[in-house]
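Descriptive analysis of the structure
Here is how the chains run, residue by residue.
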Amino acid sequence: MRILVIGSGAREHALVNALAHGNGAGNDVHAAPGNPGMTAATCHPDIHTTEQIVGLCRDLSVDLVVVGPEVPLVEGLADILRAEGIDVFGPSKSAARIEGSKAFAKDVMAKAGVATARAEQITEERDVDEVLSHFEAPYVVKDDGLAAGKGVVVTEDLQAAKAHAHEVLAAGNPVLVESFLDGPEISLFCLVDGETVVPLLPAQDHKRVGDNDEGPNTGGMGAYAPLPWVSQDNVDRIVNDVVRPVAKQMVAQGDPYSGLLYAGLAWGKKGPAVVEFNCRFGDPETQSVLALFGSDLSEYLLATAQNRLSEMGPITWKPGYAVTVVLAAEGYPEHPIKGDPITGAEGTLHAGTAVVDGQLVSNGGRVLSVVGLGETLEEARATAYEQISRIELRGSHYRTDIGRKAAEGKLSVQ
Ligand code: GLY
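Keep in mind that this is a model prediction, so the values were computed, not measured.

**Description of the side chain of His-30**
Inspection of the secondary structure assignment puts His-30 in strand β2 (residues 28-33). For His-30, a relative accessible area of 6% translates into the label buried. Side-chain polar atoms of His-30 contact the side chain of His-44, separated by 2.8 Å. Once you skip the residues sitting within four places of it in the chain, His-30 turns out to touch Arg-2, Ile-3, Leu-4, Val-5, Ala-41, Thr-42, His-44 and Leu-60.

**Notes on helix α2 (residues 50-60)**
Ile-53, Val-54, Leu-56, Cys-57 and Leu-60 are the residues of α2 that are buried. The arc enclosing the buried residues of α2, seen along the axis, measures out at 160°, which places them on a common side. The outward face of α2, more than 90 degrees from its buried face, is lined by the exposed residues Glu-51, Arg-58 and Asp-59. On its buried face, α2 is in contact with β1 (2-7), β2, β4 (64-67) and α4 (77-83). Ser-61 sits one or two residues past α2 and shows a positive phi near 50°.

**Describing the sheet that holds β2**
The five strands lie next to each other as β3-β2-β1-β4-β5, forming an open sheet whose pairing is parallel. In this open sheet, the two edge strands, each paired with only one partner strand, are β3 (42-43) and β5 (88-89). As judged from the four bridges shared by β1 and β4, these two strands associate in the parallel manner. Within β4, the position partnered with Val-5 by the bridge is Val-66. Along the sheet, helix α11 (residues 297-305) makes contact with β1, β4 and β5, crossing β4 at roughly 95°.

**Describing the pairing of strand β11 (residues 196-199)**
Alignment of strand β10 (residues 185-193) against β11, held across four bridges, turns out to be antiparallel. Along β11, the bridge assignment pairs Asp-193 with Thr-196. Linkage of β10 to β11, two consecutive antiparallel strands, is achieved through a turn of two residues, within which Gly-194 is found at a positive phi near 65°.

**A word on the packing of helix α1 (residues 10-21) against α11**
Their axes nearest at 7 Å, the elements α1 and α11 cross at an angle of 105°. Classed by the angle they form, the pair α1 and α11 counts as roughly perpendicular. Each of Leu-15, Ala-18 and Leu-19 in α1 lies in contact with α11, whose residues at this interface are Leu-297, Ser-298 and Leu-301. Within the contact of α1 with α11, the residues separate by chemical class into five nonpolar, one polar and no charged.

Calculation notes
Residues numbered from 1 in each chain as written. Predicted model: local features only at pLDDT ≥ 70, side-chain atom pairs only at ≥ 80, totals over all residues. Heavy atoms only, no water. Helix = DSSP H or I, 4+ residues; strand = E, 2+ residues; numbered from the N terminus. Buried < 20%, exposed > 50% of the residue type's maximum accessible area, 1.4 Å probe, protein only. Polar contact = N/O pair within 3.5 Å; in protein donor to acceptor, adjacent residues only side chain to side chain. Contact = heavy atoms within 4.5 Å. Arc of directions from axis to C-beta. Pairing = 2+ DSSP bridges. Axes fitted to C-alpha atoms, helices over the stretch in contact; angles between N-to-C directions. Parallel < 35°, antiparallel > 145°, perpendicular 65-115°, else oblique. Nonpolar A, V, L, I, M, F, W, Y, C, P; charged D, E, K, R; others polar.

On their own, these measurements won't tell you what the molecule is for.
Shown next, in the form of structure tokens:
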């Protein structure tokens, strides 16, 4: 199969590797624009616009396009490719509103009877104090647009909550204030084709920049899968109570979903509640989840794209655990420093890298992902941390506690 992966991050790097080398796969994989680490794919670094992507699909006669990031999906890339007769893994513009418009997502969840946080939107600076007075600490204040995970502030400090709301409004975006959802977070990725829902392994992201969940939110500093504290019954409950009702509602209202539906949940005293939905694979959870995918990923993504996911057999998973640790540039997430040389990056997944005069250099906030495998979560952590310790990038930093609470048995669902 000839497959084009759209995107350039570590998530897309993991997709490329799984599609090129995955069990049973002998695929010709291309990536646009791709990144310098994607040796398993032919990269097309000059391809960025929708017109260029359509032209490349025609030139290559691709069998399948897999869209990594949310922005092209929210802008309607999947619709444009489908209109050209190309099979695409990724939802339509209309269905991608589940991530692109929080108001749309809340409406779908309300109609589907799915538990989620109470929310109010603010569009005027003069309403900030009034709306925040309807909520209690910790305050959850979100940029109500696509902010790559960095638009969320969760704080006990009312003044900090107000300051973030004013900052987002000043940038021209609406603000969403939400009630805080208690309980450990779970990312459950599901292949969704209309009403057919196939869950992947549950994973957990670590969104704050520092150990013990300190410091500002980031795009994600590390993840592990599966979750030893989440049983198959728990996964089935998330599918039955959350994902399938949403998939059914989207079919019923004429926005059928096709692609990867990412349910970000908090499991508190009342069970799983939705923090957010995303319309694509998550980063960095994908790096861990796909490292354990034991079937031919390309067949599942193609079947989803061709509305025949229900015909596929169960996915095989490799035993053990995968831990992903993200190496971030100095200054990330506020002001990442770029252009510094990197050594020891062999075997890692690239995100913010470039090659300048033959030297690999940093070129973004999250620079590399390292994935460690092990029979136990502790072993997978040890493998990942041994590998990341060999990378040299001046001023870089990473969390040292990815998966630690779970390995120590400190997490559970109620
Ligand atoms: N893991 C967070 C995200 O992909 O949005």
